[in-house]
Amino acid sequence: MAADSNRSTGRRVPHITLMLMALFLVGGSLGLIVDWPAGPANLDWGVWLMVYGGYVYVVAAALFYVKTGK
Amino acid sequence: MEAAGQYTLILGVYFALMMGLGVWFNSRKRSRTDYFLARGKLGPGAIGFSYSATQMSGSSYMGAIGTERTFGYNFSPASVSSAAAPWFTYVLVGDRLRRVASRVRCHTLVDVFDARYYSKAPGRWAAMIMLLAFIPLIAAQLKAAGNTFEVLLGIPYLVALGLFGTIVILYTVIGGMEAVAWTDMIQGSIMIVGFAVLAPTAVIAAGGFSEMHRQYGEINPGSIGLIGTMPALWVVSSFLVWGFFQIGGAPAAITRFLIPETDSTLKKAMVYSIAFSSFIYVCGTLIAISSGVLLPTLDRADLALPTLIANLMPPVLGGVIIAAVLGATMSTIDSILLLAGSLVVENLWLPRRNSETDEATALRVARVSTLTIGGLALLMAIEPPAAIFWIVTMSFTLMASGFTFPLLLGLWWPRATRQGALVGMLGGVAAGVLWYLAGYVLYGDMNSFIGGVWPALVGPLVSLALMVVVSLLTAAPPDDVVELFFADEVEAVA
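Residues numbered from 1 in each chain as written. Chains lettered and ligands numbered in written order. Predicted model: local features only at pLDDT ≥ 70, side-chain atom pairs only at ≥ 80, totals over all residues. Heavy atoms only, no water.

Undergrad: How would you sum up the overall build of chain B? Please name residues and give values.
TA: Of regular secondary structure, chain B possesses 20 helices and zero strands. Burial status across chain B gives 63% buried among its 494 residues. Contacts in chain B between residues at least 24 apart in sequence constitute 87% of all its contacts with a sequence separation of at least 6. Counting every atom, chain B has about 15900 Å² of accessible surface; 68% of that belongs to carbon and sulfur. (Helix = DSSP H or I, 4+ residues; strand = E, 2+ residues; numbered from the N terminus. Buried < 20%, exposed > 50% of the residue type's maximum accessible area, 1.4 Å probe, protein only. Contact = heavy atoms within 4.5 Å. Areas by Shrake-Rupley, 256 points an atom, 1.4 Å probe, with all protein chains shown as cover.)

Here it is in structure tokens:
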């Protein structure tokens, strides 16, 4: 059974996930050097978006890959 | 009962349970494959937790929290990136590696290199680089555990080191991969509960989320934003390094991809792994920032976590959380030791034997080599050369520089050749080491990098360039190798 699943499905390249990875790396790097305005709770918006938002992005992107395989 | 007595009791019960599991699993295994991989015997939860627990290590709890306490949100992008590491590795490497492992007999990444690069040379060099990097990596974990015992139990560092080191090395020698993966899941669950309690407690003690950040910003004004204490290139390169380059930088964790037999198991394992990592890193950031407020004068950053636990938690609860931290440490050590034992037997000892070797003899050699490497790391931990996080970073740099692109291109690019892989591997390691040395020559400190650019970024990029150029200049790989590794495209097209 396991061997069948290894052999029969072919190999699909997950294009959308690869693009999400590129966005994470390139967008993330650029986002780190922006001068962000002050935000709530004595933190600037950069910390909210790039740190706490970054975790949400990664979890959502991983779930997308698991659900769609794309 | 005094606090130290309660900590001792809880940790004693915990370690006894883990040792019991090791003995029980030992009675079930029959072969080297069972010992090293437990292929097909583990579910997605066990694999996912095991990957993350191995990847995060005691350094994540002791070293990284201490580092994040010092550098604040300048360091947090590295934590986000670390949480993304399972995403990169599962998608870019995991599925392909699992498929290859179903066709080629593989116990370690070196076996994959041997098969892909139709030569023993890249694999042997990879084994030597890994063994070189593993000893300080294990020593860093032992130091983390020794520091924890030192603070909470009040016992001397060397006694703590000997006690913990002996337990974890014996446990690994006895148990093998199935025991390691199951105990990883148990330890992962304890970590979630422990951090779920400690993080909000510490934030409340620091005055609440908003007030904690106001105070932290006053104490460390350069560390409350993304850039300030550290230069932009330091922050950006740490962000790049700790996610994507764990593809090559964490070979012990990558071994988990050789376990599952189906695609769905692997995908579910990824979800467990990322959810677990993200939760732990968010809690870690809150704990680090709160410790900057609550312990502003602490001079050894590595002691931030155990000191916070000792100050904020009742001993029974603190003991459980410390069990979680030691679980992470133990998890990393046992996974690395297993891989090191496997490398010595499968890739260095067995290939030099002319006669057939029976399973029992090979398993005995695996255990003796695991014991030897663990013993060497224990010796190094007696007088460690730097803070935990920076020792781990040096080991990580060697492996990320040497393996990321030989592995990635080997699985995705049919044109990658043996010569390209070997030059890329050695050139990447040399570039990473030279970048360290250049920083040392210029600044007198191994942890200060030219322009703030981490060696673990420079090494892999040099490796990539060398590997592509040399591969294109040398003869293409044999057809049977391309067929073996890229057969799915052929089938998909057909």
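After that view of the structure, there is still more to cover.
Undergrad: An account of the packing of helix α2 (residues 15-32) of chain A against helix α10 (residues 232-244) of chain B is needed here, citing residue identities and associated values.
TA: Where α2(A) meets α10(B), the closest approach of the two axes is 9 Å, and the angle between their N-to-C directions is 155°. With respect to α10(B), the axis of α2(A) lies roughly antiparallel. Judged by the twist between their axes, the crossing of α2(A) over α10(B) is right-handed. In this structure, α2(A) uses A:F24, A:L25, A:G28, A:S29 and A:L32 to contact α10(B), whose residues at the interface are B:V235, B:V236, B:F239, B:L240 and B:F244. (Axes fitted to C-alpha atoms, helices over the stretch in contact; angles between N-to-C directions. Parallel < 35°, antiparallel > 145°, perpendicular 65-115°, else oblique. Left-handed = near helix turned anticlockwise from the far one by under 90°.)

Undergrad: So, the interface of chain B and chain A: which residues are in play, and what are the values?
TA: Each partner contributes residues to the interface: chain B has 52 residues there, and chain A has 42 residues. Carbon and sulfur atoms supply 71% of the area that chain B and chain A bury against each other, a total of about 4100 Å² over both sides. Taken together, chain B and chain A are joined by zero salt bridges. Where chain B meets chain A, there are two residue pairs in polar contact (both at pLDDT 80 or more). No other element matches the 16 residues that helix α4 (residues 76-103) of chain B contributes to the side of chain B that touches chain A. (Buried area = accessible area lost by both parts, 1.4 Å probe. Salt bridge = Lys/Arg side-chain N within 4 Å of Asp/Glu carboxyl O. Polar contact = N/O pair within 3.5 Å; in protein donor to acceptor, adjacent residues only side chain to side chain.)

Undergrad: Please give an account of the nonpolar core that cites residues and values.
TA: Counting 165 residues, the largest nonpolar core has B:W87, B:F88, B:M130, B:L142 and B:F164 as its most contacted members. Of all the elements, helix α6 (residues 121-153) of chain B adds the most residues to this core, at 17 residues. (Core = buried A, V, L, I, M, F, W, Y, C linked by side-chain atoms within 4.5 Å.)

Undergrad: Any details on the pattern of salt bridges? Residues and values, ideally.
TA: Residue and element names in this part refer to chain B. By the definition in use, this model includes four salt bridges over all chains. The partner of D114 in a salt bridge is K120, and the shortest N-O contact between them spans 3.5 Å. Looking at D114, the relative accessible area reads 15%, which means it is buried. The exposure class assigned to K120 is partly exposed, which follows from its relative accessible area of 42%. Taking the shortest distance from any N to any O, the salt bridge between E211 and R214 comes out at 2.7 Å. Taken as a pair, E211 and R214 lie in helix α9 (residues 209-219) at a separation of three residues, close to a single helical turn. E211 gets classed as partly exposed once you look at its relative accessible area, which sits at 27%. Salt bridges linked by common partners bring E211, R214 and E218 together as one network.

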